[in-house]
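# Tertiary structure, described
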Amino acid sequence: MATTFCVSGAVLAKAGAGVSDTIKAGGGSSGLAIGADYAVDAWINDAESRINTNSRFNFTDGFSNLNSDTKLILREVASNLAAVYAITYDMGGYTSRSEAESIINVLLLNADEGLKQLKDKKQVDFIDGS
């Protein structure tokens, strides 16, 4: 499953050291019905869809024409949102549920700020150099 805004490595890094070993391992032998790699990519695609819908602009279709700053905000927001899914999949690897929830809160705060910037069309350059 192809993703546009970010890669699974960014998601796993943001999910932290406690992210499930099943998710870190990836591949079809992960024990997930659809495979861990597929799950992370599906979560990224979910995040991309949420970004497009929330901002009322399809960044995915015009991604190659976006300037680098806009692409970086998209990467940040998508990886933050997908990392939340990775953490909530299995919180067993974190020292406590509170630790996992603290990471989630930071990710959601940063994702929300990025979504606000993307929604404000005055802050986003849609085409390189314009």
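Refer to the structure printed above.
Just so it is clear, the structure is predicted and the values come from calculations on it, not from any experiment. (Residues numbered from 1 in each chain as written. Predicted model: local features only at pLDDT ≥ 70, side-chain atom pairs only at ≥ 80, totals over all residues. Heavy atoms only, no water.)

### Some thoughts on the nonpolar core
Operational definition: For our purposes a nonpolar core is just a set of buried Ala, Val, Leu, Ile, Met, Phe, Trp, Tyr and Cys residues, chained together by side-chain atoms within 4.5 Å. Using a 1.4 Å probe on the protein chains alone, a residue whose accessible area is under 20% of its type maximum counts as buried, one over 50% counts as exposed, and one in between counts as partly exposed. Strands are runs of DSSP state E lasting at least two residues, helices are runs of H or I lasting at least four, and both sets are numbered from the N terminus onward. For this analysis, residues touch if any pair of their heavy atoms sits within 4.5 Å.
In terms of nonpolar packing, the biggest core is built from 32 residues, with Val-11, Ile-51, Leu-74 and Ile-87 touching the most fellow members. The element that contributes the greatest number of residues to this core is helix 4 (residues 68–89), accounting for nine residues. If sequence neighbours within four positions are ignored, Leu-74 has contacts with Phe-5, Ile-51, Phe-59, Phe-63, Leu-66 and Leu-118.

### Examining the pattern of salt bridges
Filter applied, for reference: Any Lys or Arg side-chain nitrogen located within 4 Å of an Asp or Glu carboxyl oxygen qualifies as a salt bridge.
Applying the stated rule across the entire model yields four salt bridges. When the shortest N-O distance is used, the salt bridge between Asp-21 and Lys-24 registers 3.4 Å. Remark: Lys-24 and Asp-21 occur in helix 2 (residues 21–25); sequence separation between them is three residues, near one turn of the helix. For Asp-21, a relative accessible area of 57% corresponds to the exposed category. Residue class for Lys-24 comes out partly exposed when judged on its relative accessible area of 42%. In this structure, Asp-112 engages Lys-116 in a salt bridge whose closest nitrogen and oxygen atoms are separated by 3.4 Å. Of the two residues, Asp-112 and Lys-116 both sit in helix 5 (residues 97–119), four residues apart, roughly one turn of that helix. A residue is classified by how much of its surface remains accessible, and Asp-112, at 36% relative accessible area, is partly exposed. Within the structure, one salt-bridge network assembled from shared partners comprises Asp-112, Glu-113 and Lys-116.

### Structural notes on the packing of aromatic side chains
Worth spelling out the cut-off: Stacked, edge-to-face and tilted are the three classes for Phe, Tyr and Trp ring pairs, Trp counted by its six-membered ring, which pair at centre distances within 6.5 Å; planes under 30 degrees apart are stacked, over 60 edge-to-face, the rest tilted.
Going through the model one piece at a time under the given rule, you end up with four aromatic pairs. Considering the side-chain rings of Trp-43 and Tyr-89, the 6.2 Å spacing of their centres and the 50° angle between planes classify their relative orientation as tilted. With a gap of 46 residues between them, Trp-43 in helix 3 (residues 36–55) and Tyr-89 in helix 4 connect regions that are remote in the sequence. Exposure remark for Tyr-89: the relative accessible area of 36% places this residue in the partly exposed category. The structure contains a cluster of three or more aromatic residues connected by ring pairs, namely Trp-43, Tyr-85 and Tyr-89.

### Here we look at the environment of Asn-54
Within the secondary structure layout, Asn-54 lies in helix 3. Taking the relative accessible area as the measure of exposure, Asn-54 reaches 30% and is therefore partly exposed. Considered as a pair, Asn-54 and Lys-119 are 65 residues apart in the sequence and their alpha carbons are 7.1 Å apart. When neighbours within four sequence positions are excluded, Asn-54 is seen to be in contact with Leu-115 and Lys-119.

### So, unusual backbone geometry
Here the phi dihedral of Arg-56 falls at roughly 60°; this positive angle occurs in a residue that is not glycine. One can find Arg-56 in the loop between helix 3 and helix 4.

### Details of the packing of helix 4 against helix 5
Put simply, the rule is: Axes here refer to lines fitted to C-alpha atoms; in helices the fit is confined to the stretch in contact. Angles between the N-to-C directions go from 0 to 180 degrees. Our angle categories are set so that under 35 degrees counts as roughly parallel, over 145 as roughly antiparallel, 65 to 115 as roughly perpendicular, and the remainder as oblique. By convention, the crossing between two helices is left-handed when the near helix turns anticlockwise from the far helix through less than a right angle, and right-handed when the turn is clockwise. Amino acid classes used here: Ala, Val, Leu, Ile, Met, Phe, Trp, Tyr, Cys and Pro are nonpolar; Asp, Glu, Lys and Arg are charged; the rest, including Gly, are polar.
It is the contact of helix 4 with helix 5, at a shortest axis distance of 9 Å, that shows an interaxial angle of 150°. By the angle class used here, helix 4 and helix 5 are roughly antiparallel. In this structure, helix 4 crosses over helix 5, and the sense of that crossing is left-handed. Where helix 4 approaches helix 5, its residues Thr-70, Ile-73, Leu-74, Glu-76, Val-77, Asn-80, Leu-81, Ala-83, Val-84, Ile-87 and Thr-88 are matched on the opposing element by Ala-100, Ile-103, Ile-104, Leu-107, Leu-108, Asn-110, Ala-111, Gly-114, Leu-115, Gln-117 and Leu-118. Of the residues assigned to the contact of helix 4 with helix 5, the class counts are 15 nonpolar, six polar and one charged.

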